[in-house]
Amino acid sequence: MTKLYFGGDYNPEQWSPEVWKEDVALMRQAGVNLVTVGVFAWSSLEPEPGRYEFGWLDQVMDLLHEGGVQVDLATPTASPPPWFGLRHPDALPVNASGVRLTHGSRDTYCACAPAYREAAVGIAKALGERYAEHPALAMWHVHNEYGTTCHCDHAAAAFRRWLQHRYGELDRLNAAWTTAFWSQGYADWEEIQPPRTTQYLVNPTQALDFRRFWSDELLEAFREQKAVLRGLTPKLPITTNFVFGGWVPVDHSRWGSEVDLVAIDHYPGSAGRGAEEQTAFGADLARSWAGGKSWLLMEQAAGSVNDGHRLHTKEPGRMARHSLSHLARGSRGALFFQWRASRGGAEMFHSAMVPHAGPDSRRFREIAEFGTALPRLAELDGSEVEAEVAILWDAEAWWVMQATHLPSEDLDYLTAVQAAHRQFWTAGIGVDLAGPGADLSAYRVVVVPSLYLVSDAAAESIARYVEGGGHLLVTYFSGIVDQDAQVRLGGYPGAFRDVLGIRVEEFHPVAEVELASGGRGGLWSEHVHLAGAEAVDRYAGGVLDGSPAITRHEYGEGVAWYVSTQLDDAGYGELVGQVVRGAGVAQPGLPAGVEVVRRKAEQVTWTVLINHSEEDVAIPVTGFELLSGVEVVSPLRLAAGAQAVVRA
Ligand code: GLA
């Protein structure tokens, strides 16, 4: 691949052929070179079982090809047509309370139902056979955002098979699930159910295994379609768009090696500066799922950020800044949901590249401006994103922390990881996200935020990292349970006691807490005893008055820090500063709100600078600026909202 992709989801089935022609003309004007077609087109492609209507798609594919736009052709299996559910009522999903859902939205299927799996492979095969040789076809987009689960009897049977494979013996399952508690001991595999709605709290290991099971089951469903498409088009890349959300039971770090190109959808959940930080976080996470290689931003919103309550219109320049942040962090392009804003349907007010107002709009002008500038950045593709720091991220640790009845309902894994990421984003220090158990030896600093669940192997590899000279920062509520979600006894954090040189006797969830240094924490505190570590800061006041809050321990050739509360951003930033200084990580000291990413290839480096602030700034950098095509000599003047990519 020698170019960066620009485009989005294109849903021509919602429009007349006259509009298709205008679409292609506008795509050319906007520099669009790749569109995802057909994601939700199943009922237009197969209006009755076995009767295919490919004529309209033939025309669309031809038109796009004539216009120089390549197609990422989707299999429409995330939304079976109404006839499917009527014909196969057993393939409609059942929620945890036993309610069978009916058609009327999307994602209304159980991926464990044989009829669904057969139909999904069937429509993928029909599309593959029809378009394998079409010159517009560049990539396959299987399904949409795998993550939909079900609690029906098909799912129960598949869950039992998965458990038999994981545990072998029922005794091992009973031990792992601690079924002696509340008389849950199983005497027969058939007694085991999915974690359906029950009287009181659900068994947390059962709930965790159900999510692990669904990740594997959905992966199988993906593989079935992939095998069919691979057979028909051996040379074309096959992907699916990963979605990031608390409801998603898909472990993307494991799925990353199953797709030819990791692709993500990214919709920040906050407005303001939070959206910028989340954009950088999502992009760094995607790169980790891609094993450090490049990946693709498959969907983002052209014109809005949704904070869960309302849309916040992206101010002028913001779409471009978010897109560049993704590109800087390894995306091979910037794609959107969707090309043209729908006139009706459930998402008609979702922003689009061509808004309801039409092309005579700020939105479309910004899209066209960015899309036509994109080829100037093509040389970034394939270079490495520089990072001397890794933050650990683990899907299972996230899932298990969504259990009920943890010591505080405010404990939130994603918040903890993003808070860590934010400190480095603010300081302009590049980070990778890495899975526990990854080879950490290349990093000067590793941060482990609230990794409640950690396996023996991952704990061991983290300890070896420090022994070998690494600098580790672990935050509160880490290393508490093992892979079966059972507490590691003898004092928290059982997995990291030795390396941290501490022993935690008790948790003290709190609203706010003060530290002797004047710093402030919140949410959480712990009764920490020193066991080799030194206290860097202590609690001041309250029941923990005088006991260690932040500790530092020299272990082997390295250093391990622990912070037992959730520091506010000022305190967290200071602590991170101390850790990185000790580890010899360079701190660029950029003006507030300026995002920086460094890329390198053999002889060349690139500095990507994005000024999210409302101030004009001056940055010490010299080289060739790709967007404007001019040589710049330090200091580079970067206006408020502007961006630059400087090659040196
Ligand atoms: C997801 C889906 C799209 C669309 C957008 C809206 O990413 O893949 O079909 O629903 O969300 O935000």
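Heads up: the structure comes first, above all this text.
Residues numbered from 1 in each chain as written. Predicted model: local features only at pLDDT ≥ 70, side-chain atom pairs only at ≥ 80, totals over all residues. Heavy atoms only, no water.

Trainee: I'd like a description of the sheet that holds strand β18 (residues 512-515), backed by residues and values.
Mentor: The strand order across the open sheet formed by 10 strands is β14-β13-β15-β16-β23-β22-β21-β18-β19-β24, and the pairing between neighbours is mixed. Two strands lie at the open edges of the sheet, namely β14 (431-434) and β24 (566-567), each paired on one side alone. The sheet contact formed by strand β21 (residues 534-540) and strand β22 (residues 548-555) spans 4 bridges and is antiparallel. Residue pairing for β22: Glu534 is matched across the bridge by Arg552. Across the sheet, helix α15 (residues 456-467) is in contact with β13 (389-392), β15 (445-448), β16 (471-475), β22 and β23 (558-563); its angle to β23 comes to roughly 125°. (Pairing = 2+ DSSP bridges. Helix = DSSP H or I, 4+ residues; strand = E, 2+ residues; numbered from the N terminus. Contact = heavy atoms within 4.5 Å. Axes fitted to C-alpha atoms, helices over the stretch in contact; angles between N-to-C directions.)

Trainee: How would you summarise the pattern of salt bridges if you had to cite specific residues and measurements?
Mentor: Applying the stated criterion across every chain, the model contains 36 salt bridges. A salt bridge links Glu22 to Arg340; its shortest N-O distance comes to 2.9 Å. One end of the pair, Glu22, is in helix α1 (residues 17-30); the other, Arg340, is in the loop between β11 (331-336) and α12 (362-373), with 318 residues separating them in the sequence. Glu22 sits in the partly exposed class, given a relative accessible area of 37%. Under the relative-accessibility criterion, Arg340 is labelled buried at 11%. (Salt bridge = Lys/Arg side-chain N within 4 Å of Asp/Glu carboxyl O. Buried < 20%, exposed > 50% of the residue type's maximum accessible area, 1.4 Å probe, protein only.)

Trainee: With reference to specific residues and values, describe helix α6 (residues 153-167).
Mentor: Compared with an ideal rise of 1.5 Å per residue, which puts 15 residues at 21 Å, α6 spans 21 Å between its outermost C-alpha atoms and is within 8% of the ideal. Among the residues making up α6, those that are buried are Ala155, Ala156, Ala158, Phe159, Arg160, Trp162, Leu163 and Tyr167. The inward-facing, buried residues of α6 contact α7 (170-176) and α8 (204-232). Of the residues flanking the end of α6, it is Gly168, one or two places downstream, whose phi is positive at about 70°. (Expected span 1.5 Å × (residues − 1).)

Trainee: Requested: an account of empty space enclosed by the protein, with residues and values cited.
Mentor: Taken as a whole and judged by the stated rule, the model has 6 cavities of 30 Å³ or more. Space inside the largest cavity adds up to approximately 100 Å³. Surrounding the largest cavity, 13 residues form its lining, Val250, His252, Trp289, Trp393 and Ala395 being those nearest its centre. Elements represented by at least two residues in the lining of the largest cavity include exactly α9 (252-255) and α13 (395-400). Counting residues per element, the lining of the largest cavity draws most heavily on α13, at 3 residues. For the lining of the largest cavity, the class distribution of residues is 9 nonpolar, 3 polar and 1 charged. Two domains each donate at least three residues to the lining of the largest cavity, and these are domain 1 (5-155 + 211-379) and domain 2 (389-583). (1 Å grid on protein atoms, 1.4 Å probe; cavity = no way out; pocket = protein on both sides within 12 Å on 5 of 7 lines; lining within 4 Å. Points joined across faces, edges and corners; volume = space filled by probe spheres on them. Nonpolar A, V, L, I, M, F, W, Y, C, P; charged D, E, K, R; others polar. Domains from an automatic or database assignment.)

Trainee: Give a description of the nonpolar core that names residues and reports values.
Mentor: One finds Leu64, Leu73, Trp214, Leu377, Trp393, Phe477 and Phe496 to be the most contacted residues of the largest nonpolar core, which totals 196 residues. In terms of residue count, α8 provides more of this core than any other element does, 9 residues in total. With residues near it in sequence (within four places) discarded, Leu64 still touches Tyr10, Val24, Met27, Val35, Val37, Val69 and Val71. (Core = buried A, V, L, I, M, F, W, Y, C linked by side-chain atoms within 4.5 Å.)

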